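Architecture and fold: a report
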Amino acid sequence: MLLERTDWIRALTAHPAPDLHALAERLAAGCEVRLTRLPQAGLGLLQLADGAFHEAYYLGEFPLSICSLELTLADGRRAEGGAQVMADDAALARSLAILDAVLAARLPGWEAVSAQVHSGAARRDEEACRRRAVLAATRVDVALLGNVGEDENEA
């Protein structure tokens with residue numbers, strides 16, 4: 001299964017945050033970590049345009065954490081990574097940015113990150129399959145609801 005870089009963060013967040021922190025710290029040991037965008041946690045606003053006048057309005061807020069960084073290895077190799085995650089956890093965004101950089105540049109330990117990405121994607125796929133099954137089991141054909149009493153009235 002080949003995943004695009006845009007899918008890595010979603011797949012990684014299927015794992016518990018402490019596991020991601022531990023992996024990121026292990027892989028960043030011995031590297032210089034330079035933050036290009038400080039880890040921040042806050043709220044994002046979901047903006048939509050109304051259908052009649054096309055004016056913008058805000059539907060609601062959601063938690064958002066962001067971080068961008070650059071890793072430099074002892075041999076001079078560099079890698080850039082970044083993460084935006086829907087969570088109120090700046091440390092998680094930092095760890096995800098480290099994992100993103102390691103995997104993107106195939107730095108030492110990238111295989112472990114790749115394995116986490118693939119197992120996380122499998123977890124997300126299983127979850128989506130379960131949700132589709134529940135949705136299919138609760139589906140109602142609205143067109144048949146109008147015919148419920150017609151047979152009784154004809155008799």
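First, a word on scope: everything that follows refers to the structure included in this document. (Residues numbered from 1 in each chain as written. Predicted model: local features only at pLDDT ≥ 70, side-chain atom pairs only at ≥ 80, totals over all residues. Heavy atoms only, no water.)

1. Some details on the overall build of the protein
Looking only at helices and strands, the protein has 6 helices and 3 strands in total. In sequence order, the secondary structure elements of the protein are arranged as α-α-β-β-β-α-α-α-α. Its C-alpha atoms give the protein a radius of gyration of 23 Å, clearly above 15 Å, the size a compact globule of 155 residues would have. The principal-axis extents of the C-alpha atoms in the protein amount to approximately 90 × 40 × 25 Å. The proportion of buried residues among the 155 residues of the protein is 28%. Long-range contacts, defined as pairs at least 24 residues apart, comprise 59% of the intrachain contacts of the protein with a sequence gap of at least 6. Carbon and sulfur atoms form 54% of the exposed surface of the protein, whose accessible area is close to 10100 Å². Mean positive and mean negative side-chain charge positions of the protein (15 and 23 charges, respectively) differ by 11 Å. (Helix = DSSP H or I, 4+ residues; strand = E, 2+ residues; numbered from the N terminus. Rg over C-alpha atoms; globule rule 2.2 N^0.38 Å. Buried < 20%, exposed > 50% of the residue type's maximum accessible area, 1.4 Å probe, protein only. Contact = heavy atoms within 4.5 Å. Areas by Shrake-Rupley, 256 points an atom, 1.4 Å probe, with all protein chains shown as cover. Lys, Arg positive; Asp, Glu negative; His and termini not counted. Charge placed at Lys NZ, Arg CZ, Asp CG, Glu CD.)

2. Regarding the pairing of strand 3 (residues 78-85)
Each regular strand shows side chains that alternate between the opposite faces of the sheet. Residues Ala-79, Gly-81, Ala-83 and Val-85 point to one face of strand 3 and are all buried, whereas Arg-78, Glu-80, Gly-82 and Gln-84, pointing to the other face, are not buried. Pairing geometry for strand 2 (residues 56-72) and strand 3, over 8 bridges, is antiparallel. The partner of Ser-68 across the bridge, within strand 3, is Gly-82. Counted along the chain from strand 2 to the antiparallel partner strand 3, the turn is 5 residues long, and its residue Gly-76 has a positive phi close to 95°. (Pairing = 2+ DSSP bridges.)

3. Points about the pairing of strand 1 (residues 32-49)
Inspection of the sheet shows strand 1 paired to strand 2 by 15 bridges, in the antiparallel sense. From the neighbouring strand, Ala-41 faces strand 2, where its bridge partner is Ser-65. The hairpin formed by strand 1 and strand 2 contains 6 residues between the paired strands, and His-54 there has a positive phi angle of roughly 55°.

4. So, the side chain of Ser-95
For Ser-95, the position within the fold is in helix 3 (residues 90-105). According to the relative accessible area criterion, Ser-95 is buried, its value standing at 2%.

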